[in-house]
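Spelled out, the chains give:
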Protein chains: 2
Amino acid sequence: MLEYIWYVNVEVTGYKGRAYSLLKERGVVLGAEVLVRVNGGEYRGIIMPRYELADDEHIVIKLRNGYNIGLHIDNIIDIIGMEGARDITSTHTGLKRQDDSKEKPRIALISTGGTIASRIDYRTGGVRAALSADELYTMVPELNDIASIDTYPLMQEYSENITHRHWSMIAEDVKEKIEQGYDGVVVAHGTDTMHYTSAALSFALQNLPVPVVLVGSQRSSDRPSSDASLNLLGSVLFASYADAAGVFVSMHAESSDDRIALHIGTKVRKNHTSSRDAFESIDTTPIAYVDVDSKSIDMRVRVPRRDKSRRVECRSRFDDKTALLKFYPNFDPAIIEYLVSNGYRGLVIEGTGLGHVGSYCFDALRRAIDSGMLVYMTSQCIWGRLRMSVYSTGRDLLNIGVVPLNMLSEVAYVKLSWALANFADEARSIMLKDTAMEFK
Amino acid sequence: MLEYIWYVNVEVTGYKGRAYSLLKERGVVLGAEVLVRVNGGEYRGIIMPRYELADDEHIVIKLRNGYNIGLHIDNIIDIIGMEGARDITSTHTGLKRQDDSKEKPRIALISTGGTIASRIDYRTGGVRAALSADELYTMVPELNDIASIDTYPLMQEYSENITHRHWSMIAEDVKEKIEQGYDGVVVAHGTDTMHYTSAALSFALQNLPVPVVLVGSQRSSDRPSSDASLNLLGSVLFASYADAAGVFVSMHAESSDDRIALHIGTKVRKNHTSSRDAFESIDTTPIAYVDVDSKSIDMRVRVPRRDKSRRVECRSRFDDKTALLKFYPNFDPAIIEYLVSNGYRGLVIEGTGLGHVGSYCFDALRRAIDSGMLVYMTSQCIWGRLRMSVYSTGRDLLNIGVVPLNMLSEVAYVKLSWALANFADEARSIMLKDTAMEFK
């Protein structure tokens, strides 16, 4: 039976409502060592006290590595008391951070450029990379407490200059680092097209054993208002400790300096030109929030679990003859004809509403499809699902052979260029198969 | 001195906090007839009681026509007691709705097609227009209480089929109705491209004396979940009674059936494929909310006031050689070259972040501008302002001659096609001039 160990005058200090009931029901007291089974993972650690004003829906446990994680009670399947709970009294001081770097997770930080990697050199006036290992630790010394980080400067590109070729290079590099045994990979990237690259890596890197986390900053790292430090800390904390595998984007959840949100790599979009919380999960919630101050990770959505025995598969080619066209009133269908006559093999049309374009585009689309081009429909509304069977325009488009894709336009474009480059005749079926949580 | 008239045991029932203080300070009591001067208008009416739980920031007055309007105290410049306040006791019953249609505002309702105008004909199975005057009143009998409505079926187009030609037709028709003396014009329109048309009318129709309100519905009017009735009621209430002139979009403010939001015609976007509250004001708030149940209008933003002495100016042409291109990684600059070689005169590029495209597009852009094409930059982020002087990519683009436009991409496209068609050499300066509240 688990025993009360740590706080003397309380059973489960700070817990109330639903969280309190759950702990009482399982006979779990503060300081007990437990195994918590949740949707999408399990965590072994010690039940921690909560703040007076905390919500009643999370249980916080301190992991063996010394960091806290918040678990939503709706996600908890079971709480099991562990043998050896009594030992905790004697290892109480061991709950503090350990400085033995051999026990810290090993993280590879690949820098590709962008604001997060830029720093004004006050000597020359030019902008240069700040992400050598030494400079990184100088910039954010707290990183040293979290993980053992190796830095790899891969390229120095503003993200608007990133193309298919760069996606391939980044994917190959991430694969290499994973095969070297890192516990997680962080990719520092400019924010302008970070959501395109996160989609590209999501498709290119399948069967991932560990988290791959893209991180950027909206304000350069030598400005006082920079979000670089917190974003970096959040990404490294998540890459190091979350029981998750896959490609994610780590950025401010709010414009304040409180929380970092972790977004699925195929369901995120840059929705603001300048705010720190510019990145939003679309038609879903972030999979997790990281509280950097308390070093706690609050998992919200089930994702594949971390499993270092998994072998990453990498398909890193992207087809250059793929286009994305946004439809608008009076759109000139001759642009579609132009793509056909220039050997384009794939087209994503960002249509209106539930998935429409003007009937004056039907002939051009019919000819494109007859020529063998794969043509898909997304919606410029951004939020919401397509439904092309509701109105006659949608039904006409379906009859012509335009295929609705319930995913972000940007993601549909990336997936089509990836499918065409890596799957030949199978591309058509791959496009409709869930390969990286991309479907809404 | 104003007197207490209506409620016997209260001074200003239901008012509290700031609103209460303001009324006390001006010596105004419940039932007093007042002239309220607000930013953007003035209202004559009777101070009404408020519900127990109402906020403390609005004062509600009943207008002479019997409808209530909520005025935010931050917008109130002055409250002046009117002579004749004493008369109110004797005209108390006159506060009720009057059925004398001669006193009701005259509204022209122009239908162009789309879901709001569609009704399944259960005899033939086809979709047909429902917006003859009789059918409209049958569908939404409450309209009869609000205004005297004449209906004008102009076209029957799904909005994805609306082109420049249709914009011109709608603009000309609205102008005609205004010149016939209507107190407001409501345009029923499919929602897919309603925000493009609202921008087109905003530019085409200047110096408007009355409100022009576009309204659509996300679910067809013969379905129980339809938003058509409430949207129509909101649009007609606003067109009839708001002290506002200009082009607005009237749609559900929330997915529930509570409030209608009125958006500026150049600052609104359809951001969801299917929800009732799909339309959102971007980087600003709706200018007003209409509570259809209580028939009250809550003005939030200063807009030009209603003034029937104003003469509407109509410039209804749109240039067909204008394009909108969304940039994405690996974008093919040959598409820009194609537009140049096909006589395009204007191009809006929906770039990334603060206003960027890859440097691999620079040569094509330089040639486009050298050929005389006007090239503008917007951001696919949707929210936030452009700042092209922050990074070297933006500065390079400015040097090439690409001009940032702090407005929605859709609005920038509409404005450019309008400026090129109506202003010849002046188009360049018109593009940078605020003509319809289009700048963020």
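Residues numbered from 1 in each chain as written. Chains lettered and ligands numbered in written order. Predicted model: local features only at pLDDT ≥ 70, side-chain atom pairs only at ≥ 80, totals over all residues.

Quick word on the overall build of chain A
Link 1 in the chain: Helix and strand counts for chain A come out as 11 helices and 23 strands.
Link 2 in the chain: Looking at the 440 residues of chain A, the share that counts as buried comes to 52%.
Link 3 in the chain: Counting contacts in chain A only where the partners sit at least 6 residues apart, residues at least 24 apart contribute 71% of the total. (Helix = DSSP H or I, 4+ residues; strand = E, 2+ residues; numbered from the N terminus. Buried ≥ 20, exposed ≤ 12 C-beta atoms within 10 Å, placed from the backbone. Contact = placed C-beta atoms within 7 Å.)

A few points about the sheet that holds strand 21 (residues 346–351) of chain B
Link 1 in the chain: Read from one edge to the other, the open sheet built from 4 strands follows the order 20-21-22-23 (chain B), with strand pairing classed as parallel. Only two strands of the sheet have a single partner each, and these edge strands are strand 20 (322–326) and strand 23 (403–404) of chain B. (Pairing = 2+ DSSP bridges.)

Focus on the interface of chain A and chain B
Link 1 in the chain: Listed per partner, the contact involves 46 residues of chain A and 46 residues of chain B.
Link 2 in the chain: Contributions of two or more residues to the side of chain A that touches chain B are made by strand 20 (322–326), helix 7 (334–341) and helix 10 (409–423) of chain A.
Link 3 in the chain: Top element by residues in the side of chain A that touches chain B is strand 20 of chain A. It accounts for 3 residues.
Link 4 in the chain: Classifying every residue of the side of chain A that touches chain B gives 18 nonpolar, 19 polar and 9 charged. (Nonpolar A, V, L, I, M, F, W, Y, C, P; charged D, E, K, R; others polar.)

Comments concerning the relation of the copies chain A and chain B
Link 1 in the chain: Of the two same-sequence chains, chain A is brought onto chain B (RMSD 0.1 Å, axial shift 0.1 Å) by a rotation of 180 degrees. Put plainly, the chains are arranged around a two-fold axis. Measuring from the rotation axis to each C-alpha of chain A, the shortest distance belongs to Lys-326 of chain A, at 3.1 Å.
Link 2 in the chain: In this assembly the copies share their binding face: 100% of the residues contributing to the interface of chain A also contribute to that of chain B. (Least-squares fit on C-alpha atoms with pLDDT ≥ 70 in both.)

Considering helix 8 (residues 362–370) of chain B
All names here are of chain B.
Link 1 in the chain: All buried positions along helix 8 are accounted for by Ala-364, Leu-365 and Ala-368. Projected down its long axis, helix 8 shows its buried positions confined to an angular sector of 100 degrees, all on one face.
Link 2 in the chain: Packed against the buried residues of helix 8 are helix 7 (334–341), strand 21, strand 22 (374–379) and helix 9 (392–400).
Link 3 in the chain: A positive backbone phi angle near 100 degrees is found at Gly-372, which sits one or two residues after helix 8. (Arc of directions from axis to C-beta.)

Quick look at the pairing of strand 1 (residues 33–38) of chain A
All names here are of chain A.
Link 1 in the chain: As judged from the 6 bridges shared by strand 1 and strand 2 (residues 41–47), these two strands associate in the antiparallel manner. When the bridges of strand 2 are listed, Val-36 appears paired with Tyr-43.
Link 2 in the chain: What sits between strand 1 and strand 2 in their antiparallel hairpin is a turn of 2 residues, with Gly-40 showing a positive phi close to 90 degrees.

Re the domain arrangement of chain A
Residues and elements named next belong to chain A.
Link 1 in the chain: For chain A, the assigned domains are domain 1 (17–95), domain 2 (101–314) and domain 3 (322–431).
Link 2 in the chain: The C-alpha centroid of domain 3 is placed 31 Å from the C-alpha centroid of domain 2.
Link 3 in the chain: Taken together, the contact between domain 2 and domain 3 spans 11 residues of the former and 10 residues of the latter.
Link 4 in the chain: By residue number, the principal contributor to the side of domain 2 that touches domain 3 is helix 5 (residues 194–204), which donates 6 residues.
Link 5 in the chain: Its residues assigned to classes, the side of domain 2 that touches domain 3 comprises 6 nonpolar, 3 polar and 2 charged. (Domains from an automatic or database assignment.)

Examining the nonpolar core
Link 1 in the chain: Ranked by internal contacts, the top residues of the largest apolar core, which has 268 residues, are Ile-61, Val-185 and Val-236 of chain A together with Ile-61, Val-185 and Val-236 of chain B.
Link 2 in the chain: Dropping the residues within four chain positions of it, Val-236 of chain B is found in contact with Ile-107, Leu-143, Ile-146, Ala-147, Ile-149 and Val-186 of chain B. (Core = buried A, V, L, I, M, F, W, Y, C linked by C-beta atoms within 7 Å.)

Remarks on helix 5 of chain A
Link 1 in the chain: The buried fraction of helix 5 of chain A amounts to 11 of the 11 residues, a majority that puts the element mostly inside the structure.
Link 2 in the chain: Those residues of helix 5 of chain A lying buried are Met-194, His-195, Tyr-196, Thr-197, Ser-198, Ala-199, Ala-200, Leu-201, Ser-202, Phe-203 and Ala-204 of chain A.

A closer look at unusual backbone geometry
Link 1 in the chain: In this structure, Ala-424 of chain A takes a positive phi of about 45 degrees despite not being glycine.
Link 2 in the chain: Within the element layout of this structure, Ala-424 of chain A appears in the loop between helix 10 and helix 11 (427–431).
Link 3 in the chain: At Lys-295 of chain B, a residue that is not glycine, the phi angle is positive and equals roughly 50 degrees.
Link 4 in the chain: Relative to the helices and strands, Lys-295 of chain B resides in the loop between strand 17 (288–291) and strand 18 (296–299).
Link 5 in the chain: Here Lys-295 of chain B falls in the buried class, since 22 other C-beta atoms lie within 10 Å of it.

Points about the sheet that holds strand 21 (residues 346–351) of chain A
Two modes of strand pairing occur in sheets, parallel and antiparallel, and in both the strands are linked by backbone hydrogen bonds.
Link 1 in the chain: Spatial ordering of the open sheet is given by 20-21-22-23 (chain A), a layout of 4 strands whose pairing is parallel. The sheet is open, and its two borders are formed by strand 20 and strand 23 (403–404) of chain A, each paired with just one other strand.

A look at the pairing of strand 13 (residues 246–252) of chain A
All names here are of chain A.
Link 1 in the chain: Within strand 13, 7 of the 7 residues are buried, which leaves the element mostly enclosed by the surrounding structure.
Link 2 in the chain: As paired elements, strand 12 (residues 211–215) and strand 13 share 5 bridges and run parallel to each other. Bridge pairing in strand 13 links Val-213 to Phe-248.

Some details on the environment of Asp-257 of chain A
Residues and elements named next belong to chain A.
Link 1 in the chain: With respect to the helices and strands, the residue Asp-257 is situated in the loop between strand 13 and strand 14 (259–264).
Link 2 in the chain: The class of Asp-257 is partly exposed, set by 14 C-beta atoms lying within 10 Å.
Link 3 in the chain: For the pair Asp-257 and Asp-293, spaced 36 residues apart in sequence, the C-alpha to C-alpha distance is 9.8 Å.

A look at the environment of Ile-162 of chain B
Link 1 in the chain: Inspection of the secondary structure assignment puts Ile-162 of chain B in the loop between strand 9 (148–153) and helix 4 (164–179).
Link 2 in the chain: Given 27 C-beta atoms within 10 Å, Ile-162 of chain B falls into the buried group.
Link 3 in the chain: Distance in space between the C-alpha atoms of Ile-162 of chain B and His-272 of chain B is 20 Å, their sequence separation being 110 residues.
Link 4 in the chain: Aside from chain neighbours lying at most four places away, what touches Ile-162 of chain B is Pro-329 of chain A together with Glu-157, Thr-193 and Thr-197 of chain B.

Some points on the confidence of the model for chain A
Residues and elements named next belong to chain A.
Link 1 in the chain: When pLDDT is averaged across chain A, the result is 86; 85% of the residues are at 70 or more.
Link 2 in the chain: Taken as a whole, residues 1–12 scores under 50 in pLDDT and shows 31 contacts with residues more than four places along the chain or in a different chain.
Link 3 in the chain: Here residues 84–101 is a poorly scored stretch, pLDDT under 50, and it has 19 contacts once near neighbours within four places are set aside; other chains count. (pLDDT = per-residue confidence, 0-100.)

What to know about the packing of helix 4 (residues 164–179) of chain A against helix 5 of chain A
All names here are of chain A.
Link 1 in the chain: Packing of helix 4 against helix 5 leaves a shortest axis separation of 10 Å and a crossing angle of 55 degrees. If you check the angle between helix 4 and helix 5, you find them oblique. Considering how the two elements wind past one another, helix 4 and helix 5 form a crossing that is right-handed. Mapping the contact onto sequence places Trp-167, Ile-170, Ala-171 and Val-174 in helix 4 and Thr-197, Ala-200, Leu-201 and Ala-204 in helix 5.
Link 2 in the chain: Grouping the amino acids of the contact of helix 4 with helix 5 by side-chain chemistry returns 7 nonpolar, 1 polar and no charged. (Axes fitted to C-alpha atoms, helices over the stretch in contact; angles between N-to-C directions. Parallel < 35°, antiparallel > 145°, perpendicular 65-115°, else oblique. Left-handed = near helix turned anticlockwise from the far one by under 90°.)

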